[in-house]
Structure formats: structure tokens, C-alpha cells
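Results of the structural survey
Spelled out from the first residue to the last, the chains are:
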Amino acid sequence: MNCAALPETLLEAELFGHEKGAFTGADRRRPGRFELADGGSIFLDEIAEMTLATQTKLLKSAQEREFEPLGSTRTVKIDIRIITATTGYLTMK
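Notes on the structure in this doc start here.

1. Description of the layout of surface pockets
Within this model, the largest pocket holds a volume of roughly 240 Å³. What lines the largest pocket is simply Glu12, Phe16, Lys57, Lys60, Ser61, Glu64, Glu66, Phe67, Glu68, Leu70 and Thr75. Contributing elements (two or more residues each) for the lining of the largest pocket: helix 1 (8-16), helix 3 (52-64) and strand 2 (66-67). Here the residues of the lining of the largest pocket are counted per class, giving three nonpolar, two polar and six charged.

2. A word on helix 1
All of the buried residues in helix 1 are Leu11, Glu12, Ala13, Glu14, Leu15 and Phe16. Tucked inside the fold, the buried residues of helix 1 contact helix 2 (33-36), strand 1 (41-45), helix 3 and strand 2. Of the residues trailing helix 1, glycine 17 is marked for its positive phi of about 80 degrees.

3. Looking at the pattern of salt bridges
Going through the model one piece at a time under the given rule, you end up with eight salt bridges. Residues glutamate 19 and arginine 74 are paired through a salt bridge, measuring 3.0 Å at the closest nitrogen-oxygen approach. Here arginine 74 lies in the loop between strand 2 and strand 3 (76-77) and glutamate 19 lies in the loop between helix 1 and helix 2, a separation of 55 residues in the sequence. Exposure remark for glutamate 19: the relative accessible area of 16% places this residue in the buried category. Two residues, lysine 77 and glutamate 66, come together in a salt bridge whose shortest N-O distance is 2.7 Å. One end of the pair, lysine 77, is in strand 3; the other, glutamate 66, is in strand 2, and eleven residues separate them in sequence. Owing to a relative accessible area of 61%, lysine 77 belongs among the exposed residues under this scheme. Beyond isolated ion pairs, a larger network of salt bridges with shared partners links Glu19, Arg29, Glu35 and Arg74.

Reading guide: rules and limits
Residues numbered from 1 in each chain as written. Predicted model: local features only at pLDDT ≥ 70, side-chain atom pairs only at ≥ 80, totals over all residues. Heavy atoms only, no water. 1 Å grid on protein atoms, 1.4 Å probe; cavity = no way out; pocket = protein on both sides within 12 Å on 5 of 7 lines; lining within 4 Å. Points joined across faces, edges and corners; volume = space filled by probe spheres on them. Helix = DSSP H or I, 4+ residues; strand = E, 2+ residues; numbered from the N terminus. Nonpolar A, V, L, I, M, F, W, Y, C, P; charged D, E, K, R; others polar. Buried < 20%, exposed > 50% of the residue type's maximum accessible area, 1.4 Å probe, protein only. Contact = heavy atoms within 4.5 Å. Salt bridge = Lys/Arg side-chain N within 4 Å of Asp/Glu carboxyl O.

In C-alpha cells, the structure reads:
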């Protein structure tokens, strides 16, 4: 999945899924890529292009092996391998 190709809100919905009514146009429940990859692996490309807030949610989900889909209070447990890559670089000021 190319993380640089999607805006932050859409990226979160793609990764974590959403419930019906979570945002305008969410007319049904949709599982995210993490839920679909349960028991397997997911490859996230251009991870450095994610906002820090999204990176934090990703890290928390990886550490705790669970997440809440957008607009939900239910917790989804996951067992996935997350493989990441980026061509970006960091500059120190």
C-alpha cells in the first residue's frame, strides 16, 4: 500500500477500516487493511510520508496488536507482520 498516495483521513480508513456513518459517504461497515491482513503480512510503502499522528496510531496498533476502526468503540485484535519502506529522508535542524 502506497501511504504517500492517500490523504491522512483516507489512509486511516484504509488501514483501520470504518463503521457505517463514521464520516460522510460511509454507507456501510468496511474492514481495513489491518483486519484483512490478520494472520499474514502487510507492506506499507512511503511510510515517512504519513503524518506523525498516523505514524503514532500505526505504532500503537503494532505494539498492542489491536485497534479501533474509525467511528467504532469495538476493539479488533490483530496478528500481522508490518513491513515498511520509504525513499524519504530526515533532515536535522
